[in-house]
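Survey of secondary and tertiary structure
Below are the chains, spelled out letter by letter.
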Amino acid sequence: MVLVAADVIGAPCWLSLVARDREAAERFYGAVLGWTFRQGGMFGRAFSLAEDEGVPVAGIGAVAGEFAVPVVWTPYFAVDEADAAVARVRERGGTVGVGPVTYPAGGRAALVTDQEGAVFGIWDGDVLSEWTIGAERSPAWIELHARNAFDSAIFYGEVLGWGEGDGDSSCATSYEEDQVVLRRQGRPVARMNSGPVEQAAPKPQLRPRWLVHFRVEDLDEAVSRALEHGGSTLPDADWADSPTRQVTVRDPDGALFTLDQATDAD
């Protein structure tokens with residue numbers, strides 16, 4: 001099922017892993033997170049669709065070599081017009097790495113960075129209506145690690161149109177417990193944190209970035225499976241004030257993500 005992107009403008013609309021070897025990535029994430037995969041999705045047949053008990057979670061595409069970009073997990077945000085959004089990125093101090101690219105299945109996407117260097121994607125097209133992120137039982141959520149979360153919120157608000165419109169069509173930000181929280185229809189869908197990051201840091205986990213979290217029922221078991229299948233853990237990647245048990249992992253191809261222990265409140 002698809003949903004017209006105009007209904008979710010400004011909100012996260014997808015997660016994508018830019019990989020080198022799609023089949024190897026599927027084996028790793030299937031083992032660690034129990035995902036199943038089918039070919040296709042909103043980026044076309046070049047990507048596989050990862051599902052958690054039949055619910056779409058993310059896309060995996062072996063396009064890192066094709067586009068000469070790092071292997072990385074990337075959140076995508078819905079925009080009303082890709083070229084205009086890319087122009088706003090440049091006008092506000094961000095950079096454009098790839099695109100906008102038109103996909104055969106419909107829609108246009110671009111990979112860009114914000115003013116501090118964190119990578120994110122923009123998507124102009126229909127989105128999957130079954131996909132959710134953030135609170136409740138969603139399998140994934142995202143947070144931005146930035147030097148200054150308020151400056152970042154201004155950048156993203158201007159690029160993605162946060163606060164424009166009204167009612168269900170608008171994304172709103174608020175300051176909650178030292179974080180900037182993005183909400184859609186009253187539900188948290190992304191968080192921004194200020195902290196000790198530097199764009200030129202030698203370790204990627206210490207640079208400004210969007211961090212993708214996946215909830216698991218048994219954190220210790222999931223970490224053990226990640227290590228058994230060629231992953232590694234990064235003990236210096238998490239900020240000390242995290243409200244949940246979590247471990248940041250590097251997959252065998254180099255992509256970083258974080259495993260979170262699911263709680264009764266999720």
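Residues numbered from 1 in each chain as written. Predicted model: local features only at pLDDT ≥ 70, side-chain atom pairs only at ≥ 80, totals over all residues. Heavy atoms only, no water.

A few words on the sheet that holds strand 2 (residues 12-18). Read across the open sheet, the eight strands follow the order 3-4-5-2-6-9-8-7; overall the sheet is mixed. In this open sheet, the two strands that pair with only one neighbour each are strand 3 (36-39) and strand 7 (95-102). The mean angle between the axes of side-by-side strands here comes to 30 degrees, regardless of whether they run parallel or antiparallel. (Pairing = 2+ DSSP bridges. Helix = DSSP H or I, 4+ residues; strand = E, 2+ residues; numbered from the N terminus. Axes fitted to C-alpha atoms, helices over the stretch in contact; angles between N-to-C directions.)

For the rest of this paragraph, the subject is helix 4 (residues 149-160). With 12 residues, helix 4 ought to run about 16 Å at 1.5 Å a step, and its terminal C-alpha atoms sit 16 Å apart, in line with that. All of the buried residues along helix 4 are Ala-149, Ser-152, Ala-153, Phe-155, Tyr-156, Gly-157, Val-159 and Leu-160. (Expected span 1.5 Å × (residues − 1). Buried < 20%, exposed > 50% of the residue type's maximum accessible area, 1.4 Å probe, protein only.)

The N-to-C vectors of helix 3 (residues 82-91) and helix 4 enclose an angle of 150 degrees; their axes lie 9 Å apart at closest approach. Classified by the interaxial angle, the pair formed by helix 3 and helix 4 is roughly antiparallel. The handedness of the crossing between helix 3 and helix 4 comes out as right-handed. Listed contacts from helix 4 to Ala-85, Arg-88 and Val-89 of helix 3 are Phe-155, Glu-158 and Val-159. For the contact of helix 3 with helix 4, a count of residues per class yields four nonpolar, no polar and two charged. (Parallel < 35°, antiparallel > 145°, perpendicular 65-115°, else oblique. Left-handed = near helix turned anticlockwise from the far one by under 90°. Contact = heavy atoms within 4.5 Å. Nonpolar A, V, L, I, M, F, W, Y, C, P; charged D, E, K, R; others polar.)

Attention now goes to unusual backbone geometry. A positive phi angle is found at Glu-53, which is not glycine, with a value near 55 degrees. Along the chain, Glu-53 turns up in the loop between strand 4 (47-52) and strand 5 (55-61). Despite not being glycine, Gln-185 has its phi angle at roughly 55 degrees, a positive value. Its place among the elements puts Gln-185 in the loop between strand 13 (179-184) and strand 14 (187-194).

For the rest of this paragraph, the subject is helix 1 (residues 22-33). Here helix 1 spans 16 Å end to end across 12 residues, near enough to the 16 Å set by a 1.5 Å rise per residue. Along helix 1, the positions that sit buried rather than exposed are Ala-25, Phe-28, Tyr-29, Val-32 and Leu-33. Around the axis of helix 1, the buried residues are gathered within 95 degrees of arc, so they sit on the same side. Set apart from the buried face of helix 1 by more than 90 degrees, the exposed residues are Glu-23 and Arg-27. Among the residues of helix 1, the N-terminal cap falls to Asp-21, whose side-chain oxygen and the backbone nitrogen of Glu-23 are separated by 3.2 Å. Two residues or fewer past helix 1, Gly-34 is found with a positive phi of approximately 75 degrees. (Arc of directions from axis to C-beta. Polar contact = N/O pair within 3.5 Å; in protein donor to acceptor, adjacent residues only side chain to side chain.)

All chains considered together, the criterion is met by eight salt bridges. In this structure, Asp-253 engages Arg-20 in a salt bridge whose closest nitrogen and oxygen atoms are separated by 3.1 Å. Of this pair, Asp-253 sits in the loop between strand 17 (246-250) and strand 18 (256-261) while Arg-20 sits in the loop between strand 2 and helix 1, placing them 233 residues apart in sequence. Owing to a relative accessible area of 26%, Asp-253 belongs among the partly exposed residues under this scheme. Note that Asp-220 is salt-bridged to Arg-245, the shortest N-O span being 2.8 Å. Of this pair, Asp-220 sits in helix 5 (residues 219-228) while Arg-245 is found in the loop between strand 16 (232-233) and strand 17, placing the two residues 25 residues apart along the sequence. Among the ionic contacts, a cluster of salt bridges with common partners joins Glu-91, Arg-92 and Glu-158. (Salt bridge = Lys/Arg side-chain N within 4 Å of Asp/Glu carboxyl O.)

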